[in-house]
Amino acid sequence: MLDSIKEVLITQEALQERVAELGKQISADYKGEEVVLVCVLKGAVMFFADLARSIEGDVTLDFISCSSYGNSTQSSGVVRIMKDLDKPVEGKHVIVVEDIVDTGNTLHYLLENLKSRNAKSVRLVALLNKPDRRTVEVHVDYQGFVVPDYFVVGYGLDYAEQYRNLPYIGILKEEVYQSK
Ligand code: PRP
Ligand code: MN
Ligand code: MG
């Protein structure tokens with residue numbers, strides 16, 4: 001295991017199994033419907049790629065880049081869209097795919113923003129939900145795992161852009177971010 005990781009919280013196998021379950025559930029819920037899967041870059045990228053392949057049906061993919069953290073472990077609370085969707089979502093069923101809902105700032109902003117584009121429906125699937133840190137209410141339609149209030153990285157989640165490539169979700173050692 002990587003030196004900066006204190007403990008593996010969710011193994012590669014557990015991630016695979018849960019993502020497959022979410023894919024099945026979403027496939028059943030949207031049977032016969034067209035769905036636009038929206039990846040919130042960059043954190044959601046691994047989850048998005050795996051989830052998309054576990055959904056059966058009529059799916060298109062689009063990407064939005066939205067950031068509130070910068071190089072910090074604290075959310076700034078100010079959400080910026082750095083790259084917008086390529087296509088309008090008016091009249092479409094949209095599923096926003098996120099890696100984690102933490103304070104709720106990013107998703108609160110993004111879901112309102114997408115609803116205002118007159119999508120037919122907008123739902124959220126989040127791999128991780130960390131309710132202890134919520135400051136803004138967000139309805140999570142599909143969630144992978146509820147996680148305790150540790151700084152988690154891997155499978156897309158970063159600290160200062162590092163650790164996204166880890167195949168598991170791990171808890172970052174405090175000394176890694178306290179020394180910065
Ligand atoms: C992280 C994470 C979520 C958001 C959740 O993204 O991927 O998008 O923060 O935090 P919140 O609920 O407190 O808003 P980040 O801004 O770090 O960008 P990234 O996805 O590129 O890492
Ligand atoms: Mn993100
Ligand atoms: Mg980040």
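The rules behind these values
Residues numbered from 1 in each chain as written. Chains lettered and ligands numbered in written order. Predicted model: local features only at pLDDT ≥ 70, side-chain atom pairs only at ≥ 80, totals over all residues. Heavy atoms only, no water. Salt bridge = Lys/Arg side-chain N within 4 Å of Asp/Glu carboxyl O. Helix = DSSP H or I, 4+ residues; strand = E, 2+ residues; numbered from the N terminus. Buried < 20%, exposed > 50% of the residue type's maximum accessible area, 1.4 Å probe, protein only. Near = heavy atom within 4 Å. Polar contact = N/O pair within 3.5 Å; in protein donor to acceptor, adjacent residues only side chain to side chain. Areas by Shrake-Rupley, 256 points an atom, 1.4 Å probe, with all protein chains shown as cover. Nonpolar A, V, L, I, M, F, W, Y, C, P; charged D, E, K, R; others polar. Core = buried A, V, L, I, M, F, W, Y, C linked by side-chain atoms within 4.5 Å. Contact = heavy atoms within 4.5 Å. Pairing = 2+ DSSP bridges. Axes fitted to C-alpha atoms, helices over the stretch in contact; angles between N-to-C directions. Parallel < 35°, antiparallel > 145°, perpendicular 65-115°, else oblique. Left-handed = near helix turned anticlockwise from the far one by under 90°.

Visitor: With reference to specific residues and values, describe the pattern of salt bridges.
Guide: Evaluated as defined, the whole model comprises twelve salt bridges. With its nearest N and O atoms 2.7 Å apart, the salt bridge here joins Glu-21 to Arg-18. With a gap of three residues between them, Glu-21 and Arg-18 both fall in helix 1 (residues 12–29), about one helical turn apart. The partly exposed category is assigned to Glu-21, whose relative accessible area is 40%. When salt bridges that share partners are traced, they join Lys-42, Asp-158, Glu-161 and Arg-164 into one network.

Visitor: Describe unusual backbone geometry, and please don't skip the residues or the numbers.
Guide: In this chain, Leu-41 is followed by Lys-42 through a cis amide linkage whose omega measures -5°. Secondary-structure assignment places Lys-42 in the loop between strand 2 (34–41) and helix 2 (45–54). In the Ramachandran plot, Tyr-155 falls in the positive-phi region, its phi being about 50° despite a non-glycine side chain. With respect to the helices, strands and loops of the structure, Tyr-155 is situated in the loop between strand 8 (152–153) and strand 9 (169–172). Of the residues examined, Tyr-155 reaches a relative accessible area of 6% and is grouped as buried. Look at Glu-161: it is not a glycine, yet its phi comes out positive at around 75°.

Visitor: Outline the site of ligand 1, supporting the account with residue identities and numerical values.
Guide: Around ligand 1, a shell composed of 18 residues is seen, among which Glu-98, Asp-99, Thr-103, Gly-104 and Thr-106 lie nearest. In this structure, Lys-42 approaches ligand 1 through a main-chain N or O atom, which is 3.0 Å from an oxygen atom. Take Gly-43: an N or O atom from its main chain is 2.8 Å from an oxygen atom of ligand 1. For ligand 1, whose free accessible area comes to 490 Å², the fraction covered by protein is 94%. Looking at the shell around ligand 1, the elements with two or more residues in it are strand 5 (93–101) and helix 3 (105–115). Per-element accounting of the shell around ligand 1 gives the leading share, four residues, to strand 5. Broken down by class, the residue content of the shell around ligand 1 amounts to four nonpolar, eight polar and six charged.

Visitor: Describe in detail the nonpolar core, supporting the description with residues and values.
Guide: Core analysis: the largest hydrophobic core is formed by 28 residues, its most contacted members being Phe-47, Leu-51, Val-125, Leu-128 and Ile-169. Among the elements of the structure, helix 1, strand 2, helix 2, strand 5, strand 6 (121–129) and strand 9 are those that each provide at least two residues to this core. Core analysis: the next-biggest nonpolar cluster, separate from the first, contains 21 residues, Val-38, Val-40, Leu-85 and Leu-111 among them.

Visitor: Pulling in residues and values, what's your account of helix 3?
Guide: The set of residues buried in helix 3 consists of Asn-105, Thr-106, Leu-107, Leu-110, Leu-111, Asn-113 and Leu-114. If you follow the buried residues of helix 3, they end up packed against strand 2, strand 3 (58–67), strand 4 (80–83), strand 5 and strand 6.

Visitor: Outline the sheet that holds strand 1 (residues 5–10), listing residues and values.
Guide: Strand pairing in a sheet takes place through backbone hydrogen bonds and is either antiparallel or parallel in direction. Taken together, three strands build an open sheet; the order of strands is 1-9-8 and the sheet is antiparallel. Edge positions in the sheet fall to strand 1 and strand 8, since each of these pairs with one other strand and no more. One ladder, built from two bridges, connects strand 8 with strand 9; its direction is antiparallel. Paired with Val-152 across the two strands is Ile-171, which belongs to strand 9.

Visitor: For the packing of helix 1 against helix 2, give the residues involved together with the corresponding values.
Guide: Two numbers describe how helix 1 lies on helix 2: the axes approach to 8 Å, and their chain directions differ by 50°. As summarised for this structure, helix 1 and helix 2 are arranged oblique, according to the angle between their axes. Helix 1 and helix 2 meet at a crossing whose hand is right-handed. Across from Val-19, Ala-20, Leu-22, Gly-23, Lys-24, Ile-26 and Ser-27 in helix 1, the residues of helix 2 making contact are Phe-47, Asp-50, Leu-51 and Ser-54. Here the contact of helix 1 with helix 2 is built from residues that sort into six nonpolar, three polar and two charged.

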